[in-house]
Amino acid sequence: MKILIVRVSSLGDVVHNMPMVADILRHHPDAQIDWVVEEAYTSLVRLNTGVRHVIPFALRRWRKSLLASQTRAEIRRFRERLREDAYDFVFDTQGLTKTGIVMRMARLAPGGMRFGLANGTEGSGYEGVSRIFHHKSIPVDVRTHAVLRGRLVAAAAFGYKVDTPANFLLAPPQVEQTPGWLQEGRYAVFFHATARASKQWAPENWVETAGLLAERGLPVLLAWGSDAEKEDAQRLAAQMVNATVLPKLSMMEAVLLAQRATLAIGVDTGLTHIAAAYERPTIELYCDSPRWKTEGNWSSSIINLGDQGAPPSVADVASAITSLLGAADARRAPA
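Residues numbered from 1 in each chain as written. Predicted model: local features only at pLDDT ≥ 70, side-chain atom pairs only at ≥ 80, totals over all residues. Heavy atoms only, no water.

Colleague: How should I be thinking about the sheet that holds strand β8 (residues 220-222) in this particular structure?
Modeller: Sheet strands line up and pair through hydrogen bonds in the backbone, either parallel or antiparallel. Ordered by their spatial adjacency, six strands build an open sheet running β9-β8-β7-β10-β11-β12, and the pairing between neighbours is parallel. Looking along the sheet, the strands with just one partner apiece sit at the ends: β9 (243-245) and β12 (302-306). Taken over all neighbouring pairs, the strand axes of this sheet differ in orientation by 20° on average, direction set aside. Here strand β7 (residues 188-191) runs beside strand β10 (residues 263-267); their pairing, made up of four bridges, is parallel. Bridge pairing in β10 links A188 to L263. (Pairing = 2+ DSSP bridges. Helix = DSSP H or I, 4+ residues; strand = E, 2+ residues; numbered from the N terminus. Axes fitted to C-alpha atoms, helices over the stretch in contact; angles between N-to-C directions.)

Given below as structure tokens:
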């Protein structure tokens with residue numbers, strides 16, 4: 001059985017889509033599963049041990065030069081790659097016009113079927129026109145968790161029930177050279193940055209939380225992805241006695257940062273969700289996004305705090321740190 005998943009973006013949504021792979025393989029161990037994803041996230045999806053082939057999709061880059069001959073050639077090769085295999089099941093779990101078109105481009109085996117979402121969830125970017133590309137559209141509740149959406153679509157297609165905790169099947173990332181910041185061993189990481197300012201936690205809260213970790217002898221690493229985020233990290237570090245601003249990280253280095261953390265604390269953003277997917281001790285902070293959509297609910301190593309319009313306090317975070325690390329903080333990061 002050959003299966004194609006079309007979930008191209010964004011970082012957090014790609015992570016949250018991964019448990020449908022484990023579900024399918026639990027019921028159909030011999031299934032061969034391929035995945036179409038934006039080229040920036042191909043290395044992440046390759047860490048999923050249940051995915052056979054990752055097919056890069058470069059629409060974000062192609063849009064900048066659609067009329068260029070090189071772009072047209074790349075799109076042609078992408079279509080040819082999609083049609084190398086004939087798929088028994090094709091899933092579009094994003095529900096956009098662009099992902100529906102990709103679904104339609106894939107070649108079906110005799111009797112093959114295309115499945116997608118019949119509706120969007122609250123606040124999602126779902127596009128109803130995507131249904132025209134499905135053979136069957138699967139309805140979900142408007143408050144369905146981001147992880148559960150894809151799992152339910154696959155369950156409806158194959159006729160099984162979703163009755164196990166989410167399993168992301170993520171292997172540890174590999175990098176060519178061990179980064180210097182990893183050599184010291186134990187560390188906390190703050191994923192403080194997010195594109196939407198209203199989702200951020202107040203700077204003074206980060207500073208106070210760093211002080212709590214300094215009392216435990218735990219250094220804090222600050223990650224960033226843009227020049228503005230780097231400047232924010234530098235301003236935070238200047239007020240912390242135990243903080244280091246990291247250099248620019250590749251995708252795999254960022255995943256490694258999350259996967260090896262003694263403790264990850266972060267706002268509602270992709271790298272926080274990666275730490276939670278690896279079931280590292282993780283504190284997810286919700287300041288201006290609904291917690292029900294993405295909270296880590298598959299492991300006791302994840303504590304979710306706050307909610308839309310109700311940011312958590314430092315006292316909430318302090319209690320969560322004690323719950324995850326204990327009074328003496330005897331945990332160690334995995335090898």
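Colleague: It is not clear to me how the pairing of strand β5 (residues 107-117) should be interpreted in this structure. Could you clarify?
Modeller: Successive residues of a regular strand alternate their side chains across the two faces of the sheet. Strand direction decides the pairing type here: strand β4 (residues 86-92) and β5, joined by six bridges, are parallel. Each bridged residue has a counterpart across the sheet, and for V90 the counterpart in β5 is R114. Handedness of the crossover joining β4 and β5 through helix α6 (residues 97-105): right-handed. Pairing geometry for β5 and strand β6 (residues 136-138), over three bridges, is parallel. Looking across to β6, one finds that L117 is bridged to I138. (Right-handed = clockwise from strand over helix to strand, strands pointing away.)

Colleague: Can you walk me through a positive patch on the surface in this structure?
Modeller: Residues R79, R83, R104 and R107 make up a contiguous surface patch of positive charge. As for its placement among the helices and strands, R79 is situated in helix α5 (residues 69-82). With relative accessibility at 44%, the residue R79 sits in the partly exposed group. (Patch = residues over 30% accessible without salt bridge, like charges linked within 9 Å, V, L, I, M, F, W, Y side chains within 5 Å. Areas by Shrake-Rupley, 256 points an atom, 1.4 Å probe, with all protein chains shown as cover. Salt bridge = Lys/Arg side-chain N within 4 Å of Asp/Glu carboxyl O. Lys, Arg positive; Asp, Glu negative; His and termini not counted. Charge placed at Lys NZ, Arg CZ, Asp CG, Glu CD. Buried < 20%, exposed > 50% of the residue type's maximum accessible area, 1.4 Å probe, protein only.)

Colleague: Looking at this structure, I do not really get empty space enclosed by the protein. What am I missing?
Modeller: Unfilled space is identified by rolling a water-sized probe across the atoms. Enumeration according to the criterion identifies one cavity of 30 Å³ or more in this entry. Quantified by volume, the largest cavity comes out at close to 40 Å³. What lines the largest cavity is R7, D13, H16, N17, T93, A146, R149 and G150. Considered class by class, the residues forming the lining of the largest cavity number one nonpolar, four polar and three charged. (1 Å grid on protein atoms, 1.4 Å probe; cavity = no way out; pocket = protein on both sides within 12 Å on 5 of 7 lines; lining within 4 Å. Points joined across faces, edges and corners; volume = space filled by probe spheres on them. Nonpolar A, V, L, I, M, F, W, Y, C, P; charged D, E, K, R; others polar.)

Colleague: I tried to follow the pattern of salt bridges on my own but got confused; where do I start?
Modeller: Side chains carrying opposite charge are able to pair once their charged atoms draw close together. In the structure shown here, the tally under the stated rule is 14 salt bridges. A salt bridge links R81 to E84; its shortest N-O distance comes to 3.5 Å. Since its relative accessible area comes to 52%, E84 is described here as exposed. One salt-bridge network, in which partners are shared between bridges, spans K2, D34, R52 and D85.

Colleague: Looking at this structure, I do not really get the pairing of strand β2 (residues 32-38). What am I missing?
Modeller: β2 sits mainly inside the fold: six of its seven residues count as buried. In this structure, β2 lies alongside strand β3 (residues 53-57), joined through five bridges in parallel fashion. Its bridge partner lying in β3, D34 is registered against H53.

Colleague: What exactly am I supposed to notice about the nonpolar core here?
Modeller: One broad rule of soluble globular proteins: the nonpolar side chains tend to lie buried together. Ranked by size, the top nonpolar core spans 62 residues in total, and within it I24, F91 and L257 carry the most contacts. Residues in contact with I24, not counting those within four places in the same chain, are I3, A31, I33, F91, A154, F158 and Y160. If you look at the next biggest cluster of nonpolar residues, it comprises 29 residues, including L213, V220, M240 and I283. (Core = buried A, V, L, I, M, F, W, Y, C linked by side-chain atoms within 4.5 Å. Contact = heavy atoms within 4.5 Å.)

Colleague: Would you take a moment to explain the environment of V267 for this structure?
Modeller: The residue V267 is located in strand β10 in this model. Through-space distance from the C-alpha of V267 to that of S289 is 9.6 Å; in sequence the pair is 22 residues apart. Not counting residues within four places of it along the chain, the set of residues in contact with V267 comprises F191, H192, A193, T194, K199, Q200, W201, W206, T272 and L285.

Colleague: Can you help me understand the sheet that holds β4 in this one?
Modeller: Taken together, the six strands give an open sheet; going across it, the order is β3-β2-β1-β4-β5-β6, and neighbouring strands pair in parallel fashion. Across the chains shown, the open sheet's two edge strands, defined by having one partner strand only, are β3 and β6. Here the average twist between neighbouring strands, direction ignored, is 20°. In the sheet, strand β1 (residues 2-6) pairs with β2 via five bridges, with the strands oriented parallel. Across the sheet, I5 pairs through a bridge with W35, a residue of β2. Set on the sheet, α5 makes contact with β1, β2, β3, β4 and β5; between it and β3 the angle comes to about 155°. Where helix α7 (residues 146-158) meets the sheet, it contacts β1, β4, β5 and β6, and its direction lies at approximately 140° from that of β4.

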